[in-house]
Structures are given as structure tokens and as C-alpha cells.
Amino acid sequence: TNSTVLFIGSTQSQYIVPVDFTTNSVGAPVRLPYAPNSMVISNDGQSLYMGSSVELMTFNAQTIGTAAGLTGQDLSVTGKVLAVSPDNTTLVIPDPIRKLVYLYRASGGVETTYGGVATHAEFTPDSSTVYITLGDVDALGNVTPNNQLLIHSSSIGWYLTTSTQATSDVAVTVPSVGAFFAGSTTSAKGYCPVTTVTTVGGQTTTSNLFYPDAS
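Residues numbered from 1 in each chain as written. Predicted model: local features only at pLDDT ≥ 70, side-chain atom pairs only at ≥ 80, totals over all residues. Heavy atoms only, no water.

Visitor: Just checking my understanding: could you explain a nonpolar patch on the surface for this structure?
Guide: Where nonpolar side chains cluster on the molecular surface, the patch consists of L6, I8 and F21 and spans about 280 Å² of accessible area. Among the structural elements, F21 can be located in the loop between β2 (15-20) and β3 (25-26). (Patch = residues over 30% accessible without salt bridge, like charges linked within 9 Å, V, L, I, M, F, W, Y side chains within 5 Å. Areas by Shrake-Rupley, 256 points an atom, 1.4 Å probe, with all protein chains shown as cover. Salt bridge = Lys/Arg side-chain N within 4 Å of Asp/Glu carboxyl O. Helix = DSSP H or I, 4+ residues; strand = E, 2+ residues; numbered from the N terminus.)

Visitor: For this particular structure, what's the right way to read the packing of aromatic side chains?
Guide: A ring pair, where both rings are aromatic, is described by two values, the distance of the centres and the angle of the planes. All chains considered together, the criterion is met by 5 aromatic pairs. Both rings, one in Y159 and one in Y211, keep their centres 5.8 Å apart while their planes meet at 50 degrees; by these two values the pair is tilted. On the criterion of sequence distance, the pair formed by Y159 in strand β16 (residues 157-162) and Y211 in the segment after β21 (203-209) is long-range, its members being 52 residues apart. Of the residues examined, Y211 reaches a relative accessible area of 5% and is grouped as buried. An aromatic cluster is present here, built from Y131, Y159, F181, F210 and Y211 joined pairwise through their rings. (Phe/Tyr/Trp six-rings, centres within 6.5 Å; stacked < 30°, edge-to-face > 60°. Buried < 20%, exposed > 50% of the residue type's maximum accessible area, 1.4 Å probe, protein only.)

Visitor: When you look at the pattern of salt bridges in this model, what are you seeing that I'm missing?
Guide: Charged atoms that come close allow side chains of opposite charge to pair. All told, the structure shown has 2 salt bridges when counted by the stated rule. The closest approach of N and O atoms between R98 and D95, which form a salt bridge, is 2.6 Å. Accessibility expressed as a relative area gives 46% for R98, which makes it partly exposed. Of the residues examined, D95 reaches a relative accessible area of 1% and is grouped as buried. In this structure, the salt-bridge partner of D213 is K189, at a minimum N-O distance of 2.6 Å. One end of the pair, D213, is in the segment after β21; the other, K189, is in strand β19 (residues 187-190), and 24 residues separate them in sequence.

Visitor: Help me understand unusual backbone geometry, please; the structure alone is not making it clear to me.
Guide: Leaving glycine out, the prevailing phi sign among residues is negative, and the prevailing peptide bond configuration is trans. A positive phi is found at N88, a non-glycine position, where the angle reads about 65 degrees. Structurally, N88 is set in the loop between β9 (83-84) and β10 (90-95). We note that K99 has phi near 55 degrees; this positive angle belongs to a residue other than glycine. Its location among the elements puts K99 in the loop between β10 and β11 (100-105).

Visitor: Mind showing me how you'd approach the environment of V177 here?
Guide: In this fold, V177 is placed in the loop between β17 (169-172) and β18 (178-182). Sequence separation of V177 and K189 is 12 residues, and the distance between their C-alpha atoms is 8.8 Å. The residues contacting V177, other than those within four sequence positions of it, are K189, G190 and Y191. (Contact = heavy atoms within 4.5 Å.)

Visitor: Help me out: how do you make sense of the sheet that holds β11 in this one?
Guide: One open sheet holds the 4 strands; their spatial order is β9-β10-β11-β12, and the pairing between them is antiparallel. The open sheet terminates on both sides in strands that have one partner only, identified here as β9 and β12 (110-115). Here 6 bridges tie β10 to β11, and the two strands are oriented antiparallel to one another. Within β11, the position partnered with D95 by the bridge is L100. (Pairing = 2+ DSSP bridges.)

Visitor: I tried to follow the nonpolar core on my own but got confused; where do I start?
Guide: Generally speaking, soluble globular proteins have nonpolar side chains that are buried together. In this structure, A83, V92, V101, L103, A118, A121, F123, V130, I132, L134, L150 and W158 together form the largest nonpolar core, which totals 12 residues. Elements supplying a minimum of two residues to this core: β11, β13 (117-123) and β14 (129-137). Leaving out residues up to four positions away in the same chain, L134 has contacts with V101, V117, A118, T119, P145, N146, Q148, L150 and L160. (Core = buried A, V, L, I, M, F, W, Y, C linked by side-chain atoms within 4.5 Å.)

Visitor: Would you take a moment to explain the environment of D138 for this structure?
Guide: With respect to the secondary-structure elements, D138 resides in the loop between β14 and β15 (143-153). Given the relative accessible area of 36%, D138 is considered partly exposed. Engagement of the side chain of D138 in a polar contact is seen with the backbone nitrogen of L140, the distance being 2.9 Å. Separated by 2.8 Å, the side chain of D138 and the backbone nitrogen of N142 make a polar contact. (Polar contact = N/O pair within 3.5 Å; in protein donor to acceptor, adjacent residues only side chain to side chain.)

Visitor: Looking at this model, I keep getting lost on the sheet that holds β17. Mind explaining?
Guide: One key point about sheets: their strands pair by backbone hydrogen bonds, in either a parallel or an antiparallel sense. Pairing is antiparallel across the open sheet formed by 3 strands, whose spatial order is β17-β18-β19. If you trace the sheet from one side to the other, it starts and ends with β17 and β19, each paired once. Neighbour-to-neighbour, the strand axes of the sheet open up by a mean angle of 25 degrees, direction not taken into account. Here β18 pairs with β19 via 4 bridges, running antiparallel. Counted as the bridge partner of A179 is K189 from β19. (Axes fitted to C-alpha atoms, helices over the stretch in contact; angles between N-to-C directions.)

Laid out in C-alpha cells, this is it:
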């Protein structure tokens, strides 16, 4: 929303092409270090992140195609870039080989990891929470969605829950009171926990069920 430029790429090519959709002006092809498997642009239109089987590639979207365009290469992180937070600080990158989900700092370096293979991810508008769908990997590297849902929030950290079915995508509602998950039927998880208070022998215990079924 902060740019009139489309970046068009292919998983079968080391080139991307910028196109200004207001003027139909096609820019010169830009050669990448490696063929990308994914491409996500930051919310402010400044940074372009591309995953690959070799490294994470970061470009300045304003100067891409020049010597100053390539701003970062991280060989320690491989996999697809699924999402970037609205505040442009955090990426979600799954590594299907190591079977890890990375929360990666846009400034560089892995912030935290969780075991599993992510298929889709979406942040809440305030960037405090990200909802992630998981899948299973077969011997050929193909990923099949499963019913596990992974959530990371600034308040409780990582939280693993499940859906009643395999989930193939996620969408966060506005004003982000929960998230909807695609499957054979659409399901939803609520933002507010369900608190249960029990008293046994005069002792009161409180427990919380985070991200309960909402619909």
C-alpha cells in the first residue's frame, strides 16, 4: 500500500522484475544471488525479503538493482518467508529440513524457534501476536497441512493448540480479536482466554485455556 511498484519473480529464476503499475513501466531485471522460494515486502514498502534453500536475502526495495540494493544475506536461515510483522521488525520463516519455525529479527538474527513445519502465518495489526498453521513433511519434502496451530504472542510466548481438522490457511480478523483457519470447514480461535476457577479442600486453583474455540 506504500508503493506503486510490483516485484515479479519466479522460483525457477534468479531474476525479479520491478513494474510500476501506475505507468506500466517495466524496470530492468535484477539478478539475485539465488533463486527465491518466496518473497515478502515489508509494510512500509522499504524492505524486500526472499527466502531460498541456501540463505535469506534482503533487499532495499527503493534501491534494488543498484550496488546498495542488497542489504543482507544470512546463510544460517533457509526456508520460505511466510510473513513480516506490520511494524516491520519480525519475519516468520519455516525450515522444512531442520523442522523449525523461526521468528527472525528484520535487523538480523533469530529471535526464537519452535519445532515444526509452518505452512502459513499472519500477524495481528499490532504485531504482538502471530498465528501459524503447521504441516507434515514426507520423504520427498512435500508438506501436507495438519491440525496443529502454533501461536506466538508477546505476553505468553509460544503456544501450541489444535483444530478439529487440517488447516490450510489463516486470516486475522479486524480488530484482531481472533483468527480464522481454513479447512474442510472454517474454524476460529478467540483472543481472550477461558479462565476456570476450582476449589478443592478450601484451596482455590485458577487455570487458563488460551486461544479457545470461538466458532
